[in-house]
Amino acid sequence: MKKVILVALAVVMLAAAGVQPALAQEKKTDLSLNLGVQTNIFPGTSFDWLDLTVDFRVGFALGKSFEISPELMALIDSDFSFEGVELSPGVILNYKAGNFFVGAGVILPIWLESGDSDVGNVMPKINVGYNFGKLKLTGYFLSITESGAGFLKYNYIGATLGYRF
């Protein structure tokens, strides 16, 4: 459990380091709470399950067109068994053009099950989305980077709909 806390703290500290220039500009932050779904794109078994997600994101402006967005996503089995939960802290750098945004970054999957925890490898994440007033629609792509997985062989896609505060 100490490893999990240290890794989550490291992700938050890295995100905070990138936030300093944004705070100096006194730009508005973009807070959102998002609900969504995620599925797999694996060879031979794509789209065979659907998990629910909930995530919290904070976007800090870095100039006119960029923002850094620390996030924390929880993945919940669609059968709501709650036998285990995956928490994924991460950080994304987004390019914004009006209400449209596209970005890339990393997440760190952390599995919590029956009092035990396990930390996976850092996973690249690409997202694209649009802000509709107070609503935020986002689609994303994740790729597994475990040893022996093969480049872009095992992937996930997801979509979220969020409320911007």
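Scroll up for the structure.
Criteria and thresholds
- Residues numbered from 1 in each chain as written.
- Predicted model: local features only at pLDDT ≥ 70, side-chain atom pairs only at ≥ 80, totals over all residues.
- Heavy atoms only, no water.
- Helix = DSSP H or I, 4+ residues; strand = E, 2+ residues; numbered from the N terminus.
- Contact = heavy atoms within 4.5 Å.
- Phe/Tyr/Trp six-rings, centres within 6.5 Å; stacked < 30°, edge-to-face > 60°.
- Buried < 20%, exposed > 50% of the residue type's maximum accessible area, 1.4 Å probe, protein only.
- Lys NZ or Arg CZ within 6 Å of the ring centre and 35° of its normal.
- Salt bridge = Lys/Arg side-chain N within 4 Å of Asp/Glu carboxyl O.
- Patch = residues over 30% accessible without salt bridge, like charges linked within 9 Å, V, L, I, M, F, W, Y side chains within 5 Å.
- Areas by Shrake-Rupley, 256 points an atom, 1.4 Å probe, with all protein chains shown as cover.
- Lys, Arg positive; Asp, Glu negative; His and termini not counted.
- Charge placed at Lys NZ, Arg CZ, Asp CG, Glu CD.

Asker: An account of the environment of Met-73 is needed here, citing residue identities and associated values.
Answerer: Relative to the assigned elements, Met-73 resides in strand E3 (residues 66–76). Separated by 13 residues in sequence, Met-73 and Glu-86 have C-alpha atoms that sit 8.1 Å apart. With residues up to four places along the chain from it excluded, the contact list for Met-73 reads Gln-38, Thr-53, Val-54, Asp-55, Glu-86, Leu-87, Ser-88, Lys-125 and Tyr-140.

Asker: Mind laying out the packing of aromatic side chains, listing which residues take part and the relevant values?
Answerer: Here the structure, examined in full by the defined rule, presents six aromatic pairs. A centroid spacing of 5.2 Å and a plane angle of 85° characterise the contact between Phe-42 and Tyr-154, whose relative ring orientation is edge-to-face. Residue Phe-42 is located in the loop between strand E1 (30–41) and strand E2 (51–62), and its partner Tyr-154 is located in the loop between strand E9 (135–143) and strand E10 (155–164); the two are separated by 112 residues in the primary sequence. Exposure remark for Tyr-154: the relative accessible area of 27% places this residue in the partly exposed category. Each member of the aromatic cluster is reached from another via a ring pair, and the members are Phe-42, Trp-49, Tyr-154 and Tyr-156. Over the ring of Tyr-140 we find Lys-125, and its NZ or CZ is 4.6 Å from the ring centre. The positively charged end of Lys-136 is found above the aromatic ring belonging to Phe-101, 4.9 Å away from the centroid.

Asker: Outline the pattern of salt bridges, listing residues and values.
Answerer: The tally for this structure, following the rule as stated, stands at five salt bridges. The partner of Asp-55 in a salt bridge is Arg-57, with the nearest N and O atoms 2.8 Å apart. Each member of the salt-bridge network shares a partner with another, and the members are Asp-30, Lys-136 and Arg-164.

Asker: Break down a negative patch on the surface for me, citing the residues and quoting the values.
Answerer: A surface patch of negative charge is lined by Asp-77, Asp-79, Glu-83, Glu-113 and Asp-116. Its place among the elements puts Asp-79 in the loop between E3 and strand E4 (84–97). The class of Asp-79 is exposed, set by a relative accessible area of 55%.

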